[in-house]
Amino acid sequence: MTTRTQRTTLLFGVILLLAAVCYLPTQFNSFAASARDDGVARTPPMGWNSWNRFKCDVSERLIQNTADALVASGMRDAGYQYVVIDDCWQVARDSNGTIVADWKRFPSGMAALADYIHARGLKFGLYTDVGSKTCQGRPGSLGHEAQDAATYARWGVDYVKVDWCYNDGLDAQAQYKLFGDALAATGRPIVMSICTWGKQNPWDWGSDTGHLWRTTRDITDRWPTLLQIIRENAVRAYAGGPGGWNDPDMLEIGNGGMTDVEYRTHMSLWAMMAAPLIAGNDVVRMSAATRDILLNSEVIAIDQDARGTPALIVHDDNNRQVWSRPLADSSARAVALFNPTDKSAKITVSWADIGIAPGNALVRDLWAHADRGVVADSFTTTVEPHGTVMLKITAQSYVAATVPDPVNPSAPPAPPADAPPAAAPVADPNVRYPYLSDLAPTFADNGLGPMELNISNGEGGTGDGHALTLGSTQYSKGLGVHAPSDVRYDLGGTCSAFAADIGLDAEVGQNGTAVFQIWADGALIYDSGALHGGMAPVPVYLAVPGVHELRLVVAPVDWVVDYAHADWANARVECRVDGAS
Ligand code: GLA
C-alpha cells in the first residue's frame with residue numbers, strides 16, 4: 001500500500017536526485033574543494049624566499065646565513081619555517097636530463113644545503129617553472145616533471161614554487177595538476193606554490209592541484225603596488241581555506257621602499273587575508289622595527305588561525321575600511337581598520353557589521369598589545385594615513401545559533417522550474433521548512449550595510465531596502481545582501497535540502513554583477529557563474545544531507561562591487577526535527 005506521504009517522499013527523493021545529478025558533477029569538476037589537502041598546509045605556509053631582496057644573487061652562503069638568522073631572530077620559533085631559494089639556482093640539465101644546480105654558487109650541492117637547513121629545525125624550498133624556462137631563462141620543468149619531483153624529493157625539498165614563464169600556451173590547470181601529481185608520487189610531503197600571477201583563475205582549481213596560488217602580478221616594494229595587490233586578492237576571499245590559500249605574493253617588509261606604518265598594514269592585511277607569510281627581506285641585517293613587525297605573535301596568530309577563513313571588507317565608507325575575519329573561537333573576530341588614504345581617519349567597527357551580537361565585547365589592539373576595554377556595540381578609533389589598526393573583538397556573551405523550531409512548516413521548498421508538477425504535499429510531522437530569514441546565522445559578513453531580512457539591501461542602515469524583487473517576481477521572504485557577502489547557518493546535520501531563487505535585485509536595473517556560491521561543510525557545492533542585473537531569477541535546489549555549516553557567499557566578479565544587491569529570495573531548508581537528516 002502506498003500512502004500519499006510515501007508518494008510525496010518518493011517524489012521529493014527523485015527531485016533531490018535530479019538536483020544532485022544536474023548540479024554536483026559540474027560544480028565538483030571545476031571546484032574539487034581541497035583534493036590536494038594532504039595536511040602540509042592546513043594553515044598558510046610561513047617562511048622566507050630569496051627573490052624580493054636578492055633576485056639572482058643567491059648562494060649557499062646566503063642561504064646558510066639566512067637559516068641561522070631565522071633561528072637567532074626568533075623567526076623560526078614564530079612559525080617562519082620554509083627557506084626557499086627562488087630563481088637562478090639552476091644552470092643546466094646533465095646528459096640524463098637531471099637538473100643541475102649552479103656549482104659555483106652552491107658548491108656543496110642542494111642535498112647538503114637541505115641537511116644544513118633541516119639540522120636547524122627549518123624546511124627547504126626550491127623554485128622551478130612549468131614552462132620550458134624559468135622567468136630568468138634557466139631550465140624549466142616542462143617534460144621533466146616526474147624527474148624533477150624525484151630529484152627534489154631525493155635532495156630533501158619540502159616546498160616548491162612553480163612559476164608560469166615560457167608556458168607556450170599550456171593549460172595551467174592541467175599542467176600544475178601534472179606537477180602536483182608528480183610531487184605527490186614521490187611520497188614526500190611537499191608544499192606546491194602555484195605562481196601563474198592570477199592567470200587562468202587559479203583560485204578555481206588551485207586547491208585540487210597545490211597548496212597556494214598567486215592571485216596577482218608581482219609585488220614591488222611600493223605603496224601603490226601594495227594597494228593594488230590588496231584590492232585584487234581581497235575579492236578572492238571565498239577561495240582560500242585550510243589546505244589551499246590565496247597568495248598575494250611574498251612580503252616586502254624591511255626592504256626599505258615603504259614606511260613602517262605601511263609595512264604594518266602589509267603584515268596586518270596579509271594576516272587578515274589568511275595569506276602565506278613568506279618574508280622577503282635580509283634577515284641577517286634586519287632592523288628592530290622590521291623584526292617587531294614580522295614577529296608580532298598576535299598578528300601571526302590571526303594569520304594562522306585554525307578556522308582558515310579569509311577576511312571580507314564588511315564596511316567601506318569612502319575608503320575608511322573595516323575588514324573582518326571569523327576565527328576558530330566563534331565568539332571572536334579579527335578586525336582590521338584600514339585607512340588607505342593620505343589623511344587621518346576615524347573608523348568605526350560596529351558589532352552588527354562583523355556578525356556578533358549587540359552588547360559587550362572585549363577589544364584588544366594587536367599592534368599595541370593592549371586591551372582597549374569591554375565596550376558595547378561598536379568601537380571607534382583614529383587610524384593614521386596608510387595605517388591599519390588591528391583588533392581582536394570577543395563577544396562577552398555568545399550563543400551559537402542552531403536551527404530553531406520551524407516557523408512555517410506547511411510548504412516545502414519550491415522544486416526546480418522544470419520539475420514535474422508535485423502532488424499536493426502532505427506534511428510529515430517531523431519535517432520542517434524554515435526560511436533562513438527566520439533563523440539566526442552563526443556568521444554574517446556583508447559588503448555594504450547589514451544583511452537584510454525579507455527586503456533588499458539598501459547599502460546603508462538596517463531596514464533601508466525595498467521588497468525583494470527578481471525579474472518581475474516579488475518575494476516576501478529571503479536575504480538581501482551586498483557583495484562581498486558571507487553568511488553562515490548551523491544546520492546541525494538535520495536538513496536534507498536547500499532551495500532559493502537567486503539573482504541581483506531588480507532595483508539595480510541592468511547594473512551589477514556577482515557570483516553566488518553555496519558551501520557545505522567547507523566544500524563548494526554550487527557556483528552560479530556571473531549573474532547580471534536584469535536577469536531572471538535562477539532557481540537553486542540542492543541536497544545538503546548531514547551538512548552542519550551551510551555557507552552562502554556572494555563574490556564580486558571584479559573589484560567593482562557597485563550595484564551588487566544580491567537576493568537569496570525564498571531561501572529555505574528542509575529539516576527534520578527528530579534529528580535524522
Ligand atoms: C616571477 C615570479 C616572481 C619571481 C620571479 C623569478 O616574476 O612571479 O615571484 O619568482 O619570477 O624570476
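Everything below is about the structure shown above.
Residues numbered from 1 in each chain as written. Predicted model: local features only at pLDDT ≥ 70, side-chain atom pairs only at ≥ 80, totals over all residues. Heavy atoms only, no water.

## Some details on the overall build of the chain
Across its full length, the chain carries 13 helices and 31 strands. When contacts within the chain are restricted to residue pairs at least 6 apart in sequence, those whose partners lie at least 24 apart make up 73%. (Helix = DSSP H or I, 4+ residues; strand = E, 2+ residues; numbered from the N terminus. Contact = heavy atoms within 4.5 Å.)

## Considerations on the packing of helix H3 (residues 60-72) against helix H5 (residues 110-119)
Remark: H3 packs on H5, axes separated minimally by 10 Å, with the N-to-C direction vectors making an angle of 10°. As the angle between them shows, H3 and H5 are arranged roughly parallel. For the pair formed by H3 and H5, the contact residues are Glu60, Ile63, Gln64, Ala67 and Asp68 on the first element and Leu113, Tyr116 and Ile117 on the second. Residues of the contact of H3 with H5, tallied by class, amount to 5 nonpolar, 1 polar and 2 charged. (Axes fitted to C-alpha atoms, helices over the stretch in contact; angles between N-to-C directions. Parallel < 35°, antiparallel > 145°, perpendicular 65-115°, else oblique. Nonpolar A, V, L, I, M, F, W, Y, C, P; charged D, E, K, R; others polar.)

## Here we look at the pattern of salt bridges
Here the idea is simple: oppositely charged side chains can pair when their charged atoms come close. Tallying each qualifying case throughout the model produces 20 salt bridges. Notably, a salt bridge pairs Arg76 with Asp77, separated by 3.0 Å at the nearest N-O pair. On the basis of relative accessibility, which here comes to 26%, the residue Arg76 falls in the partly exposed class. Note that Arg188 is salt-bridged to Asp158, the shortest N-O span being 2.6 Å. In this pair, Arg188 is assigned in the loop between helix H7 (172-185) and strand E7 (191-195) and Asp158 in the loop between helix H6 (145-155) and strand E6 (159-163), connecting sequence segments 30 residues apart. Owing to a relative accessible area of 7%, Asp158 belongs among the buried residues under this scheme. (Salt bridge = Lys/Arg side-chain N within 4 Å of Asp/Glu carboxyl O. Buried < 20%, exposed > 50% of the residue type's maximum accessible area, 1.4 Å probe, protein only.)

## Quick notes on unusual backbone geometry
Look at the link from Ala483 to Pro484: it is a cis peptide, with omega at -5°. The phi dihedral of Asn201 is positive, around 45°, even though this residue is not glycine. Mapped onto the secondary structure, Asn201 falls in the loop between E7 and helix H8 (202-205). When its relative accessible area of 36% is taken as the criterion, Asn201 is described as partly exposed. Positive phi is not limited to glycine here, since His386 has a value of about 65°.

## With respect to the site of the ligand
All residues adjacent to the ligand are Trp51, Asp86, Asp87, Tyr127, Cys135, Gln136, Lys161, Asp163, Cys195, Trp197, Arg214 and Asp218. Contact between the ligand and Asp163: an oxygen atom at 2.8 Å from a side-chain N or O atom of the residue. The side chain of Asp218 places a nitrogen or oxygen atom 2.6 Å from an oxygen atom of the ligand. Relative to its unbound accessible area of 310 Å², the ligand is 94% covered by the protein chains. Class assignment for the residues of the shell around the ligand results in 5 nonpolar, 1 polar and 6 charged. (Near = heavy atom within 4 Å. Polar contact = N/O pair within 3.5 Å; in protein donor to acceptor, adjacent residues only side chain to side chain. Areas by Shrake-Rupley, 256 points an atom, 1.4 Å probe, with all protein chains shown as cover.)

## A short note on H6
Those residues of H6 that fall on the buried side of the exposure criterion are Glu145, Asp148, Ala149, Thr151, Tyr152, Ala153 and Trp155. If you follow the buried residues of H6, they end up packed against strand E3 (90-93), strand E4 (99-101), H5, strand E5 (123-129), E6 and H7. Once H6 finishes, Gly156 follows within two positions and takes phi at roughly 95°, a positive value.

## Observations concerning the packing of aromatic side chains
We describe a pair of aromatic rings using the distance from one ring centre to the other and the angle between the two ring planes. Summed over the entire model, instances satisfying the criterion amount to 9 aromatic pairs. For the ring pair Trp89 and Trp155, a centre distance of 5.8 Å and an interplane angle of 75° mean the geometry is edge-to-face. Residue Trp89 is found in the loop between strand E2 (82-84) and E3, and its partner Trp155 is found in helix H6; the two are separated by 66 residues along the sequence. Ring geometry for Tyr152 versus Trp155: centroids 6.4 Å apart, planes at 45°, classification tilted. Here Tyr152 pairs with Trp155, and both are found in helix H6, just 3 residues apart, close to one helical turn. (Phe/Tyr/Trp six-rings, centres within 6.5 Å; stacked < 30°, edge-to-face > 60°.)

## Description of the sheet that holds strand E13 (residues 332-338)
Strand order in this open sheet of 6 strands is E11-E12-E13-E18-E15-E16, and the pairing throughout is antiparallel. Both outer strands of the open sheet, strand E11 (312-317) and strand E16 (370-376), are each paired with one neighbouring strand and no more. The mean inter-strand angle of the sheet, taken between neighbouring strand axes irrespective of direction, is 25°. Summarising the sheet, E11 and strand E12 (residues 320-326) pair through 5 bridges and their orientation is antiparallel. Bridge pairing links Leu312 to Ser324 in E12. (Pairing = 2+ DSSP bridges.)

## Focus on the nonpolar core
Here is a general trend for soluble globular proteins: nonpolar side chains tend to be buried in one another's company. With 90 residues, the main nonpolar core has Ile85, Trp89, Met110, Met267, Trp270 and Trp323 as its most contacted residues. Judged by nonpolar contacts, the second largest core, of 36 residues, contains Ala514, Ala520, Leu531 and Cys575. (Core = buried A, V, L, I, M, F, W, Y, C linked by side-chain atoms within 4.5 Å.)

## What about helix H9 (residues 223-234)?
Taking 1.5 Å of rise per residue, the 12 residues of H9 would be expected to cover 16 Å, and the 16 Å separating its terminal C-alpha atoms lies within 8% of that figure. Along H9, the positions that sit buried rather than exposed are Trp223, Thr225, Leu226, Leu227, Ile229, Ile230, Asn233 and Ala234. Considering only its buried residues, H9 is in contact with strand E9 (245-247), helix H10 (260-272), E11, E12 and E13. (Expected span 1.5 Å × (residues − 1).)

## Description of the side chain of His386
Structurally, His386 is set in the loop between strand E17 (378-383) and strand E18 (388-395). Exposure remark for His386: the relative accessible area of 13% places this residue in the buried category. Those residues within four positions of His386 in sequence are excluded, and the remaining contacts are Trp223, Val261, Glu262, Thr265, Phe338, Asn339, Pro340, Thr341 and Asp342.

## Re the sheet that holds strand E20 (residues 443-445)
One open sheet accounts for 5 strands, arranged E20-E25-E30-E27-E28; its pairing is antiparallel. Looking at strand neighbours, the two that pair on one side only are E20 and strand E28 (523-532), the edges of this open sheet. When the angles between neighbouring strand axes are averaged without regard to direction, this sheet yields 10°. Looking at chain direction, strand E27 (residues 513-520) and E28 are connected through 7 bridges and run antiparallel. Looking across to E28, one finds that Ala520 is bridged to Ala523.

## A few points about the environment of Asp316
Of note, Asp316 is situated in strand E11. Under the relative-accessibility criterion, Asp316 is labelled partly exposed at 29%. Note: C-alpha distance between Asp316 and Gly449 (133 residues apart in sequence) is 9.3 Å. Setting aside residues no more than four positions away along its own chain, Asp316 makes contact with Gln321 and Leu448.

## Focus: the state of the cysteines
By the definition in use, this model includes 3 disulfides. The residue that forms a disulfide with Cys56 is Cys88, at a sulfur-sulfur distance of 1.8 Å. Here Cys56 is found in the loop between helix H2 (51-54) and H3, whereas its partner Cys88 is found in the loop between E2 and E3, with 32 residues between them in sequence. Looking at Cys56, the relative accessible area reads 26%, which means it is partly exposed. Exposure remark for Cys88: the relative accessible area of 1% places this residue in the buried category. Linked covalently through their sulfurs, Cys135 and Cys165 form a disulfide whose S-S length is 2.0 Å. Between Cys135 and Cys165 the disulfide shows an S-S torsion of about 95°. By sign, it is right-handed. Here Cys165 lies in the loop between E6 and H7 and Cys135 lies in the loop between E5 and H6, a separation of 30 residues in the sequence. (Disulfide = S-S within 2.5 Å.)

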